[in-house]
Amino acid sequence: SLACAAPLASLKMGGRNVLMKVLSIISIIIAILVVAFAIWGLIDIIMHGLYDWRALIFIGYLIFFGTMVILLELKAHQFFLENFGFMRKFAGKGFFFIFLGLIAFNVTIYQLGMFHYYFGGFVILFGIFLIIMHFVVQKDVQYQLIK
């Protein structure tokens with residue numbers, strides 16, 4: 001119990017910026033992996049000549065939403081900052097990563113077999129971690145996610 005209290009106490013006293021930066025960097029890395037996974041899936045579909053429109057739609061979603069997460073985390077585009085308020089809290093961001101992971105389940109890369117399930121599961125686990133953080137971290141810290 002005391003082992004968990006020490007990191008949370010440091011979070012209250014000034015470590016919050018470090019936590020925000022670390023989670024932002026992890027979110028960017030996972031979003032880049034999502035986009036790379038989608039592009040790899042697109043290349044795989046083209047190489048095998050399997051033009052499944054559903055897979056192409058899922059790939060388009062992954063590329064768009066992964067790029068959106070990157071732009072949000074880098075605070076690069078005001079449109080995303082103003083219109084996606086749910087990404088200001090850990091729970092909203094967590095559910096969004098779960099959504100990305102579920103989409104990734106549907107993108108099969110034929111050369112890798114079941115990899116899409118492992119990758120989607122990894123993204124979902126990160127989303128669950130963010131939802132848990134929603135209940136662990138102070139509420140005022142969460143509003144600093146995007147300002």
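As the structure is a prediction and not an experimental result, all values here were calculated from the model. Positions within a chain are numbered from 1, following the residues in the order the chain's sequence is written. In keeping with the predicted nature of the model, local features appear solely for residues at pLDDT of at least 70, side-chain atom pairs appear and are counted solely at 80 or more, and the whole-chain, interface and lining totals rest on all residues. Note that water and hydrogens are dropped before the side-chain values are worked out from all heavy atoms of the structure.

A.B. asks: How would you summarise the overall build of the protein chain if you had to cite specific residues and measurements?
C.D. replies: Along its length, the protein chain carries six helices and zero strands. For the protein chain, the succession of helices and strands along the chain, N to C, is α-α-α-α-α-α. Only protein chains enter the accessibility calculation, which uses a 1.4 Å probe; a residue is then buried when its area is under 20% of its type maximum, exposed when over 50%, and partly exposed in between. When burial is assessed residue by residue, the protein chain has 41% of its 147 residues classed as buried. Contacts are assigned to residue pairs with any non-hydrogen atoms lying within 4.5 Å of each other. Look at the contacts in the protein chain between residues 6 or more apart in sequence, and 74% of them connect residues 24 or more apart. Secondary structure counts use DSSP, requiring at least four H or I residues in a row for a helix and at least two E residues in a row for a strand, with both numbered from the N terminus.

A.B. asks: Report on the packing of aromatic side chains, specifying residues and quantitative values.
C.D. replies: Pairing of aromatic rings covers Phe, Tyr and the six-membered ring of Trp, with a centre-to-centre limit of 6.5 Å; geometry is then stacked below 30 degrees between planes, edge-to-face above 60, and tilted otherwise. In this structure the tally under the stated criterion is nine aromatic pairs. Taking the centre distance of 4.6 Å and the plane angle of 25 degrees together, the rings of F37 and F119 count as stacked. Of this pair, F37 sits in helix α1 (residues 2–48) while F119 sits in helix α5 (residues 115–136), and the two are 82 residues apart along the sequence. In this pair, the class of F37 matches that of F119, namely buried.

A.B. asks: Describe the confidence of the model for the protein chain, listing the residues and the values that go with them.
C.D. replies: How sure the predictor is of each residue is captured by pLDDT, a score from 0 to 100. Averaged over all residues, the pLDDT of the protein chain is 78; the fraction at 70 or higher stands at 78%. Across the protein chain, element-level confidence peaks in helix α4 (residues 90–104) with a mean pLDDT of 91 and bottoms out in helix α6 (residues 139–142) with 57. Predicted confidence for residues 1–13 stays below pLDDT 50, and this span has six contacts to residues more than four positions away or in other chains.

A.B. asks: Quick one: what's the story with the packing of α4 against α5, residue by residue and with numbers?
C.D. replies: Each axis is a line fitted through C-alpha atoms, taken for helices only over the stretch in contact, and angles between the N-to-C directions span 0 to 180 degrees. Here α4 crosses α5 at 170 degrees, and the two axes come no closer than 7 Å. One finds that α4 runs roughly antiparallel with respect to α5. Contacts between α4 and α5 involve F90, A91, K93, G94, F95, F97, I98, L100, G101, L102 and A104 from the former and H116, F119, G120, V123, I124, F126, G127, I128, L130, I131, M133 and H134 from the latter. Roughly parallel refers to an angle under 35 degrees, roughly antiparallel to one over 145, roughly perpendicular to one between 65 and 115, and oblique to any angle outside these ranges.

A.B. asks: Go over the packing of helix α2 (residues 53–74) against α4 with me, naming the residues and quoting the values.
C.D. replies: Relative placement of two packed helices is described by the angle separating their axes and the distance separating the axes. Taken N-terminus to C-terminus, the directions of α2 and α4 make an angle of 155 degrees; their axes are 10 Å apart at the nearest point. One element, α2, and the other, α4, form an angle in the roughly antiparallel class. The handedness of the crossing between α2 and α4 comes out as left-handed. On the side of α2, the interface is formed by F58, Y61, L62, F65, M68, V69 and E73, while α4 contributes K93, F96, F97, F99, L100, I103 and A104. Rotating anticlockwise by less than a right angle from the far helix to the near helix defines a left-handed crossing, while the corresponding clockwise rotation defines a right-handed one.

A.B. asks: Help me get a handle on a nonpolar patch on the surface, residues and values and all.
C.D. replies: Nonpolar side chains collect at one region of the surface, where W40, M114, F115, Y117 and Y118 lie side by side and expose about 560 Å² of accessible area between them. Looking at the secondary structure, you find F115 in helix α5. We classify F115 as partly exposed; its relative accessible area is 31%. In this scheme, patches are assembled from residues that exceed 30% relative accessible area and form no salt bridge. Like charges are connected within 9 Å, while nonpolar side chains (Val, Leu, Ile, Met, Phe, Trp, Tyr) are connected within 5 Å. Here the open area of atoms and residues is found with the Shrake-Rupley method and a 1.4 Å probe, where only the protein chains shown may cover a residue. Every case where a carboxyl oxygen of Asp or Glu lies within 4 Å of a side-chain nitrogen of Lys or Arg is listed as a salt bridge.

A.B. asks: Requested: an account of α5, with residues and values cited.
C.D. replies: Given a rise of 1.5 Å per residue, 22 residues ought to cover 32 Å, and the 31 Å separating the end C-alpha atoms of α5 matches this to within 8%. Among all positions of α5, only H116, F119, G120, V123, I124, F126, G127, L130, I131, M133 and H134 are buried. Along the long axis of α5, the arc covered by the buried residues comes to 165 degrees, so they all point the same way. Along α5, the residues that are exposed and aim more than 90 degrees away from the buried face are Y118, L125 and F135. Expected helix span is given by 1.5 Å per residue-to-residue step, counting one fewer step than there are residues. Starting at the helix axis, one direction is taken to each C-beta atom, and the arc is that of these directions.

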